[in-house]
Amino acid sequence: MTTEGLDDDGYIAREGSLDRVPAEFAPVVATARALVAETFDDRLHSAYLYGSIPRGTAIPAVSDLDLLLALRREPTGADRTDADVLETRLDTSFQQIDGAGVLLFSADTLLSDLERHDLGWFVACLCTPLLGDDLATALPRYRPTPLLARETNGDLGLAVPRWREQYATAVTDDRLRTLSRVVARRIVRSGFTLVMPRWGGWTSDLTRSAEVFARYYPDRAGQMALAATTARTPTADPTVLTLLIDELAPWLAAEYTTVHGRKAPRP
């Protein structure tokens, strides 16, 4: 039994901190904070960083900037348009990042019973407060349980048909590389959460996730290692994309359902 990624009481320790932001990315984070406050103003309940930048593992010109914004009401089309503009401004202003992404949810959704072990857990454990009152204070502490596994990635099967459609219509190498990154990241994270309750700990590191998965599914270790490599270094290679989308992902989705069941349906 491991205690990796857990606090002294056996709960998943919150990742990331503003203190861990690498010096190269400090101006990006400062500008993001200012632009979020300026753009969303009284619509905003709170804002969070997540991903490699607050974990301190970001690589200049390779890593992206990830933000989650909790709004005081359900996001509208206008909110999404403002978020898209914000993404573009950040991406074009800083060579340190390779893209910016902004997730939008209402604070009520993030605190809802339905999202307690998915988006709520995400905020409480994987997000670093940037602005506003931290929603984590209204959320429980989390252990690496089968319930958490089911509610975080128990809907992988729903993504596979969408990936196949995107693969069939992708006409440029850039679109294929973007797709390979999205697919590979989701596969590796799902592979890890599949075995997380048995392993008894937590990690967001993709290489480590693939290694932990391989302990329990050695026959799939090579494929998962390839997924981890692709998540870090996207590819347009059709052989890799076909393996991930048409072989590894369907198997993983079926195994996930067998082991943990299906995620509770969303409206």
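Use the structure listed above.
In this report, we go over the structure that sits alongside the text. Note that the coordinates shown come from a computational prediction; the quantities given were computed from them, not determined experimentally.

1. Observations concerning the overall build of the protein chain
Helix and strand content of the protein chain: eleven helices and four strands. What you see for the protein chain is a C-alpha radius of gyration of 18 Å, in line with the 18 Å of a compact globule of 267 residues. Counting only C-alpha atoms, the protein chain reaches 50 × 45 × 40 Å along its principal axes. Within the protein chain, contacts between residues separated by at least 24 positions form 74% of all contacts whose residues are at least 6 apart in sequence. Within the structure as shown, the protein chain displays about 12,400 Å² of accessible surface, and the carbon and sulfur contribution to it stands at 52%. Distance between charge centres in the protein chain, computed from 29 positive and 37 negative side chains, equals 3 Å.

2. What to know about the packing of aromatic side chains
Each aromatic ring pair is described using two quantities: the centre-to-centre distance and the angle formed by the ring planes. In the structure shown here, the tally under the stated rule is seven aromatic pairs. Between Tyr 50 and Phe 122 the ring centres are 4.9 Å apart and the planes differ by 75 degrees, which places this aromatic pair in the edge-to-face class. With Tyr 50 in strand 1 (residues 44–50) and Phe 122 in helix 5 (residues 119–126), the pair connects residues that are 72 residues apart, well separated along the chain. Judged by relative accessible area, Tyr 50 falls into the buried class, the value being 17%.

3. Considering unusual backbone geometry
In this structure, Asp 41 takes a positive phi of about 45 degrees despite not being glycine. As for its placement among the helices and strands, Asp 41 is situated in the loop between helix 1 (26–40) and strand 1. For Asp 41, a relative accessible area of 55% gives the class exposed. Of note, Ala 61 is a non-glycine position whose phi angle comes to about 70 degrees, a positive value. Relative to the elements of secondary structure, Ala 61 occurs in the loop between helix 2 (52–55) and strand 2 (65–71).

4. Topic: the pairing of strand 1
Consecutive side chains along a regular strand alternate between the two faces of the sheet. Burial within strand 1 is extensive, with six of its seven residues counted as buried. With six bridges joining them, strand 1 and strand 2 adopt antiparallel strand pairing. Pairing of Tyr 48 across the sheet is with Leu 68, part of strand 2. Note that strand 1 and strand 4 (residues 127–132) share five bridges and pair antiparallel. The partner of Leu 49 across the bridge, within strand 4, is Thr 128.

5. A look at the state of the cysteines
Across all of its chains, the model carries zero disulfides by this definition. With no disulfide of its own, Cys 125 lies closest to Cys 127 among cysteine sulfurs, the gap being 9.6 Å. Judged by its relative accessible area of 0%, Cys 127 falls in the buried class.

6. As for the packing of helix 8 (residues 173–199) against helix 10 (residues 221–232)
Interaxial distance between helix 8 and helix 10 falls to 8 Å at its minimum, and their mutual angle equals 135 degrees. Taken together, the axis directions place helix 8 and helix 10 in an arrangement best described as oblique. Handedness of the helix 8/helix 10 crossing: left-handed. Together, Ser 180, Arg 181, Ala 184, Arg 185, Ile 187, Val 188 and Gly 191 of helix 8 and Met 224, Ala 227, Ala 228, Thr 230 and Ala 231 of helix 10 make up the contact between the two elements. Each residue belonging to the contact of helix 8 with helix 10 can be placed in one class, and the counts come to seven nonpolar, three polar and two charged.

7. Focus: the pattern of salt bridges
Tallied over the entire structure, the rule returns 23 salt bridges. The partner of Arg 14 in a salt bridge is Asp 134, and the shortest N-O contact between them spans 2.6 Å. Note that Arg 14 is positioned in the segment before helix 1 and Asp 134 in the loop between strand 4 and helix 6 (146–153), a separation of 120 residues in sequence. With its nearest N and O atoms 3.1 Å apart, the salt bridge here joins Asp 84 to Arg 80. Of this pair, Asp 84 and Arg 80 both sit in helix 3 (residues 77–93), four residues apart, which is roughly one turn of that helix.

What counts and what doesn't
Residues numbered from 1 in each chain as written. Predicted model: local features only at pLDDT ≥ 70, side-chain atom pairs only at ≥ 80, totals over all residues. Heavy atoms only, no water. Helix = DSSP H or I, 4+ residues; strand = E, 2+ residues; numbered from the N terminus. Rg over C-alpha atoms; globule rule 2.2 N^0.38 Å. Contact = heavy atoms within 4.5 Å. Areas by Shrake-Rupley, 256 points an atom, 1.4 Å probe, with all protein chains shown as cover. Lys, Arg positive; Asp, Glu negative; His and termini not counted. Charge placed at Lys NZ, Arg CZ, Asp CG, Glu CD. Phe/Tyr/Trp six-rings, centres within 6.5 Å; stacked < 30°, edge-to-face > 60°. Buried < 20%, exposed > 50% of the residue type's maximum accessible area, 1.4 Å probe, protein only. Pairing = 2+ DSSP bridges. Disulfide = S-S within 2.5 Å. Axes fitted to C-alpha atoms, helices over the stretch in contact; angles between N-to-C directions. Parallel < 35°, antiparallel > 145°, perpendicular 65-115°, else oblique. Left-handed = near helix turned anticlockwise from the far one by under 90°. Nonpolar A, V, L, I, M, F, W, Y, C, P; charged D, E, K, R; others polar. Salt bridge = Lys/Arg side-chain N within 4 Å of Asp/Glu carboxyl O.

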